[in-house]
Amino acid sequence: MTQKFDAVVVGGGPAGAQAAADLASQGIKTLMLDRGAKVKPCGGAVPPKLMIDFDVPDEWLVAKVNKARMISPKSRHVDIPINGGYVGMVDRDAFDEALRQRATDAGATRVTGTFARIERQPDGSAVVVYRPKGGEGAEERVAAGFIIGADGARSSVAKSEVPGGGDIPYVIAYHEIVRSPKEGENGFEATRCDVYYDGGLSPDFYGWVFPHGDTTSIGMGTEKRDFSVKDATSRLREVAGLQEAETIRREGAPIPLKPLKKWDNGRDVVLAGDAAGVVAPASGEGIYYAMLGGRFAAEAVAKAIVTQDARALATARKRFMRLHGNVFRALGMLQRYWYTNDNRRERFVKICRDVDVQELTFDAYMNKELVKARPLAHIRIFFKNIAHLLGIVPA
Ligand SMILES: Cc1cc2nc3c(=O)[nH]c(=O)nc-3n(C[C@H](O)[C@H](O)[C@H](O)COP(=O)(O)OP(=O)(O)OC[C@H]3O[C@@H](n4cnc5c(N)ncnc54)[C@H](O)[C@@H]3O)c2cc1C
């Protein structure tokens, strides 16, 4: 007899672990399957809203950053203080494991293995087939009432179950983790993150230096397959004065660029996080959105279990896009316009000198909503943006 679960969550990253915790805490019989292969390559920057919404304790952060430095192609920089807030930094090995532990504490069954495929029983119900870790390729099967595909970018579940799931465009992001220099050495500050807008370092995205306490993540992303991410990161290390820092790990992974039009198969599968293509354009921020997507997918599954109506699965995407669709569209436009050549990047960094832009950007980052309380500031930014777009303001 195949063991049966009300819900099987494929993937135990932020999306899957959050979904499994939310399902299990409602008494839903849940299995969380993760291949447990390696640490997810990630800059690890998270907003304070993640800490509040998902009840994440401060101890899970390895650093708090209170200043962001934006650097232009001509090496001009703008320091943006994060007044009254911070950007949190997590190390993904410990952070993801803590989330998975929380899911098992809530009652989810955890299995380490690699998802292989979904098979159908004669009555159409799903069986998840996976290869357990250390099982020398042998396959195991569990029957699943519903499945949440949270297996990250290039998701196998999305590819097999949801139209377009195998074709989500993506950026390749690559970073090197180095031993952090001493405070002040080559200008390094443990509470400042640096963002480089420079076509030589990234032709269509940006480069970053994110301090994580003892270690620092230095990396960049690009959609261009013929651009060497390793050479660019080496140049970035030089520019940032980190070429001599001890290298601990080198790793890269895709970041999806566009949310899918549909996250469910209308039957028993719903996607969450990178698997659904949900990473904010322009910033590449995905952890908060993955956890929220996991939560909405879990709520959609819980509703489908109660109502026995698979249409409930579509509520995950609907709720998410209602909350964040506008921000994703605005960031998409920002990326398409400002990240295309060095002249525009120079202007973009200049715009960031504007106090209104700084405050609204960080409010939006920290609180995950476009701030409506300051309509005059929006109007001022609108006109300043137009002036820059028309080239009235010199770069
Ligand atoms: C270099 C880089 C830097 C980034 N920096 C940031 C940042 O600073 N801040 C931020 O918010 N976001 C950042 N992101 C994006 C962020 O990492 C992702 O958006 C986020 O991890 C998505 O979470 P997820 O749970 O959807 O997917 P993932 O974190 O990818 O988790 C997927 C899980 O599924 C498991 N899995 C995959 N395939 C299978 C399978 N076949 N069988 C079983 N298990 C499987 C994996 O082991 C993994 O645990 C960065 C991404 C990259 C690549």
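Since this is a predicted model, take the numbers as computed values, not measurements.

*Asks:* Explain the overall build of the chain to me, and be specific about the residues and the numbers.
*Replies:* A tally of regular secondary structure across the chain gives 10 helices and 16 strands. Against the globule reference of 21 Å for 395 residues, the chain gives a C-alpha radius of gyration of 22 Å, in line with a compact fold. Along the longest, intermediate and shortest principal axes, the C-alpha atoms of the chain span 70 × 45 × 40 Å. For the chain, with 395 residues in total, the buried portion stands at 44%.

*Asks:* Explain the site of the ligand to me, using residue names and the numbers behind them.
*Replies:* Surrounding the ligand, one finds 39 residues, the nearest of these being Gly13, Gly43, Gly152, Gly273 and Gly286. Counting residues per element, the ones that place at least two in the shell around the ligand are helix H1 (14-24), strand E2 (30-34), strand E3 (45-46), strand E8 (109-120), strand E11 (170-179), strand E15 (247-256) and helix H6 (287-307). By residue class, the composition of the shell around the ligand is 19 nonpolar, 14 polar and 6 charged. Three or more residues apiece are contributed to the shell around the ligand by two domains, here domain 1 (3-41 + 92-168 + 257-328) and domain 2 (64-88 + 170-255).

*Asks:* Can you break down the packing of H6 against helix H7 (residues 315-338) residue by residue, with the values?
*Replies:* Running from amino to carboxyl end, H6 crosses H7 at an angle of 140 degrees, the nearest separation of the two axes being 8 Å. One way to sum up the angle between H6 and H7 is to call them oblique. When you trace H6 past H7, the crossing you get is right-handed. Contacts between H6 and H7 involve Tyr289, Leu292, Gly293, Phe296, Ala297, Ala300 and Lys303 on the former and, on the latter, Thr315, Ala316, Arg319, Phe320 and His324. Of the residues in the contact of H6 with H7, the class split is 7 nonpolar, 3 polar and 2 charged.

*Asks:* Requested: an account of the sheet that holds strand E7 (residues 87-89), with residues and values cited.
*Replies:* On the basis of which strands lie adjacent, the open sheet formed by 3 strands has the order E3-E7-E4 and antiparallel pairing. Two strands bound the open sheet, and with one partner strand each, they are E3 and strand E4 (63-65).

*Asks:* So, the pairing of strand E13 (residues 207-212): which residues are in play, and what are the values?
*Replies:* Here E13 lies mainly inside the structure; 6 of its 6 residues are buried. Side chains of E13 alternate between two faces, with Gly207, Val209 and Pro211 and Trp208, Phe210 and His212 buried alike. Bridge count for strand E12 (residues 192-196) against E13 is 3 bridges, and the pairing is antiparallel. Residue Asp194 lies in a different strand from E13, and its bridge partner there is Val209. As paired strands, E13 and strand E14 (residues 215-222) are joined by 6 bridges and run antiparallel to one another. If you follow Gly207 over to E14, its bridge partner there is Met220.

*Asks:* Kindly report on the nonpolar core, identifying the contributing residues and their values.
*Replies:* Generally speaking, soluble globular proteins have nonpolar side chains that are buried together. One finds Ile147 and Ile148 to be the most contacted residues of the largest nonpolar core, which totals 106 residues. It is H6 that provides the largest number of residues to this core, a total of 12 residues.

*Asks:* Explain unusual backbone geometry to me, using residue names and the numbers behind them.
*Replies:* Look at Glu136: it is not a glycine, yet its phi comes out positive at around 50 degrees. Tracing the chain through its elements places Glu136 in the loop between strand E9 (126-132) and strand E10 (140-149). Under the C-beta neighbour-count criterion, Glu136 is labelled exposed, with 6 such atoms within 10 Å. One non-glycine residue, Arg154, lies in positive phi territory at about 60 degrees. Within the secondary structure layout, Arg154 lies in the loop between E10 and helix H4 (156-161). You can call Arg154 partly exposed: it has 16 C-beta atoms within 10 Å.

*Asks:* I'd love a proper account of the sheet that holds E15, names of residues and values included.
*Replies:* Neighbouring strands of a sheet are bound in pairs by backbone hydrogen bonds; such pairs are parallel or else antiparallel. With mixed pairing, the 7 strands of this open sheet are ordered in space as E6-E5-E12-E13-E14-E11-E15. The sheet is open, and its two borders are formed by strand E6 (77-81) and E15, each paired with just one other strand. Ignoring which end each strand starts from, the neighbouring axes of this sheet average 20 degrees apart.

*Asks:* Which residues make up the packing of H1 against helix H3 (residues 92-105), and what are the values?
*Replies:* One can describe the packing of H1 onto H3 by two numbers: an axis separation of 8 Å at closest approach and a directional angle of 20 degrees. With respect to H3, the axis of H1 lies roughly parallel. Where H1 crosses over H3, the handedness of that crossing is left-handed. Residues Pro14, Ala17, Gln18, Ala20, Ala21 and Ala24 of H1 pack against Asp96, Leu99, Arg100, Arg102 and Ala103 of H3.

*Asks:* Please set out the domain arrangement of the chain residue by residue, giving values where relevant.
*Replies:* For the chain, the assigned domains read domain 1 (3-41 + 92-168 + 257-328), domain 2 (64-88 + 170-255) and domain 3 (340-389). Just the C-alpha atoms count here: the centres of domain 1 and domain 2 sit 30 Å apart. Taken together, the contact between domain 1 and domain 2 spans 9 residues of the former and 11 residues of the latter. A class-by-class count of the residues in the side of domain 1 that touches domain 2 yields 5 nonpolar, 2 polar and 2 charged.

Rules used throughout
Numbering of residues begins from 1 in every chain and follows the order in which that chain's sequence is written. Under the rules for a predicted model, residues below a pLDDT of 70 receive no local features and side-chain atom pairs below 80 are neither given nor counted, while totals for whole chains, interfaces and linings still include all residues. Helix and strand definitions here come from DSSP, where helices need a minimum of 4 consecutive H or I residues and strands a minimum of 2 consecutive E residues; each element is numbered from the N-terminal end. Throughout, the radius of gyration refers to the C-alpha atoms, and the reference size of a globule is 2.2 Å times the residue count to the power 0.38. Exposure classes come from backbone-placed C-beta atoms, where a residue is buried if 20 or more other C-beta atoms lie within 10 Å of its own, exposed if 12 or fewer do, and partly exposed in between. Nearness here is judged by the C-beta atom: place it from the backbone, and if it falls within 6 Å of a molecule or strand, the residue counts as near that partner. Each residue gets one label: Ala, Val, Leu, Ile, Met, Phe, Trp, Tyr, Cys and Pro are nonpolar, Asp, Glu, Lys and Arg are charged, and the others, such as Gly, are polar. Where each domain begins and ends is defined by an automated method or by a domain database. Inter-axis angles, ranging from 0 to 180 degrees, are taken between N-to-C directions of lines fitted to C-alpha atoms, where helices are fitted over the stretch in contact. What sets the label is the angle itself: under 35 degrees gives roughly parallel, over 145 gives roughly antiparallel, 65 to 115 gives roughly perpendicular, and the rest give oblique. Working rule for handedness: look at the near helix, and if it is turned counterclockwise from the far one by less than a right angle, call the crossing left-handed; if clockwise, right-handed. We call two residues in contact whenever the C-beta atoms placed from their backbones are within 7 Å. Strand pairing requires that DSSP identify at least two bridges connecting the strands. To count as a nonpolar core, a set of buried Ala, Val, Leu, Ile, Met, Phe, Trp, Tyr and Cys residues must be joined through C-beta atoms within 7 Å.

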